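Spelled out, the chains give:
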Amino acid sequence: MPNHARSGPDSGVLLGLDNSLLRTLMAVVDTGSFVGAARTVHRTPSAISMQMKRLETQIRQPIFVHQGRSIMLTPAGEALLTYARRALGIAEEAIVRFNRLSHGRAVRLGMTDEYAVAFLPSVLASYTAAYPLVEISVTCRTSSTMLRMLDEGELDVALVTAGATGRTGSPDTAIHRDRLVWAGLAHGTAHLRRPLAVAAGPASCIWRKSAIDALDAAGISYQIACTSENLAGQLALVVAGLAVAPLPIATLSGELVPFGPEQGLPSIGYYDVALRRSPHAPDDLTSTVVDHVGAYFAARQSS
């Protein structure tokens, strides 16, 4: 019989492609580099390069072209990416649908109040666009509380502060790093008063310890004016112009501004975000959240 198959990535060749290769292609495009994709799919950059060469061999056309230190998709690569997103979207939609039916519940995602303010809107918007059938239940607690909830199967996956104490045994792997700053009211004077009034988290909070250590090292007198396990409690004093608070810079908006050495306050340092999953969580359903959140932070870091 004559062969009427057309050439190029629209000829049905996707039927013979490994989904893992297509996921890697998407990771390269989403992060903008082989190195970024390696972090997302947990492989080495050389393994990513080999996978892309396998794809090029299978479709018999180049996928990427190098422009200086950047990589760009060829027309064939752009066409392949379109089909890859469609094929993987259908496959993952089926996995999510039947896993949800099997487990009969939402994916339980935990994070601190600060991370909910800084990252949750973007994460949920992009995730629900990709997986409209998945219901996500969000819980906001301290990192140490969420680590216990992961151990006991009360959460499926959580964004926690790396280094927070808990009963899980696996080490933290940071997926995001950013600055801690003194959050204060714009045009306020709380940062100038001595002793410095500080609105902080509980005694177990890593950020509280970092802030106090920085003040002690700088010889600045202070008083803990408020202790709160949630962000709202700390912000109440800050917005009223009565205190400053050690917070991630990503949480600041509106009237809140960062204060530092230029305003007479010491640098606090950085914080790391870790993504942890429960050993009791359903693999396929939870993996969609883990992979998506990991890709979100990889793209954020690269930008």
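Now for a look at the structure at hand. (Residues numbered from 1 in each chain as written. Predicted model: local features only at pLDDT ≥ 70, side-chain atom pairs only at ≥ 80, totals over all residues. Heavy atoms only, no water.)

### Remarks on unusual backbone geometry
Turning to step 1, where the next piece is worked out: At the junction of Arg194 and Pro195, the peptide bond is cis and its omega measures out at 5 degrees in the coordinates.
Turning to step 2, where the next piece is worked out: Topologically, Pro195 is positioned in the loop between β6 (174-185) and β7 (196-200).
Turning to step 3, where the next piece is worked out: Phi is positive for Arg60, which is not a glycine, with a value near 60 degrees.
Turning to step 4, where the next piece is worked out: Note on placement: Arg60 falls in the loop between α3 (45-59) and β1 (64-67).
Turning to step 5, where the next piece is worked out: Even without being glycine, His187 reaches a positive phi, approximately 65 degrees. (Helix = DSSP H or I, 4+ residues; strand = E, 2+ residues; numbered from the N terminus.)

### Notes on the packing of aromatic side chains
Turning to step 1, where the next piece is worked out: One pass over the full model with this rule turns up seven aromatic pairs.
Turning to step 2, where the next piece is worked out: Judged by centre distance (5.0 Å) and plane angle (75 degrees), the rings of Phe119 and Phe297 are edge-to-face. Separated by 178 residues along the polypeptide, Phe119 in the loop between α5 (113-118) and α6 (120-130) and Phe297 in helix α10 (residues 283-302) bring together distant segments of the chain.
Turning to step 3, where the next piece is worked out: The buried category is assigned to Phe297, whose relative accessible area is 0%.
Turning to step 4, where the next piece is worked out: Ring pairing ties together the aromatic residues Tyr115, Phe119, Trp207, Tyr271, Tyr296 and Phe297, which thus form one cluster. (Phe/Tyr/Trp six-rings, centres within 6.5 Å; stacked < 30°, edge-to-face > 60°. Buried < 20%, exposed > 50% of the residue type's maximum accessible area, 1.4 Å probe, protein only.)

### Structural notes on the pattern of salt bridges
Turning to step 1, where the next piece is worked out: Scanning all chains against the criterion turns up six salt bridges.
Turning to step 2, where the next piece is worked out: Note that Arg148 and Glu154 form a salt bridge whose closest N and O atoms lie 3.7 Å from each other.
Turning to step 3, where the next piece is worked out: Where Arg177 meets Asp272, a salt bridge forms, and the shortest distance between an N and an O atom there is 2.8 Å. A residue pair is termed long-range when its members are at least 10 positions apart, and Arg177 in strand β6 and Asp272 in strand β11 (residues 269-277) qualify at 95 residues.
Turning to step 4, where the next piece is worked out: One network of salt bridges, in which partners are shared, links Arg148, Glu152 and Glu154. (Salt bridge = Lys/Arg side-chain N within 4 Å of Asp/Glu carboxyl O.)

### Quick look at the layout of surface pockets
Empty space among the atoms can be located by rolling a probe the size of a water molecule over them.
Turning to step 1, where the next piece is worked out: Size it by volume and the largest pocket reaches roughly 900 Å³.
Turning to step 2, where the next piece is worked out: Contributing to the lining of the largest pocket are 27 residues, with Arg23, Met26, Glu92, Tyr131 and Asp291 lying nearest its centre.
Turning to step 3, where the next piece is worked out: Broken down by element, the residue count for the lining of the largest pocket peaks at eight residues, all from α10. (1 Å grid on protein atoms, 1.4 Å probe; cavity = no way out; pocket = protein on both sides within 12 Å on 5 of 7 lines; lining within 4 Å. Points joined across faces, edges and corners; volume = space filled by probe spheres on them.)

### A closer look at the nonpolar core
Turning to step 1, where the next piece is worked out: In this structure, Tyr115, Phe119, Leu159 and Trp182 are the most contacted members of the largest nonpolar core, which totals 38 residues.
Turning to step 2, where the next piece is worked out: Top contributing element to this core by residue count: α10, with six residues.
Turning to step 3, where the next piece is worked out: Filtering out sequence-adjacent residues up to four positions away, Trp182 remains in contact with Val198, Ala211, Leu215, Val244, Ala245, Pro246, Val257, Pro258, Phe259, Leu265, Pro266 and Ile268.
Turning to step 4, where the next piece is worked out: In terms of nonpolar packing, the next biggest core, distinct from the first, is built from 20 residues, Ala27, Ala37, Leu55 and Ile71 among them. (Core = buried A, V, L, I, M, F, W, Y, C linked by side-chain atoms within 4.5 Å. Contact = heavy atoms within 4.5 Å.)

It is worth stressing that arrangement in space is one thing and function is another; only the former is reported here.
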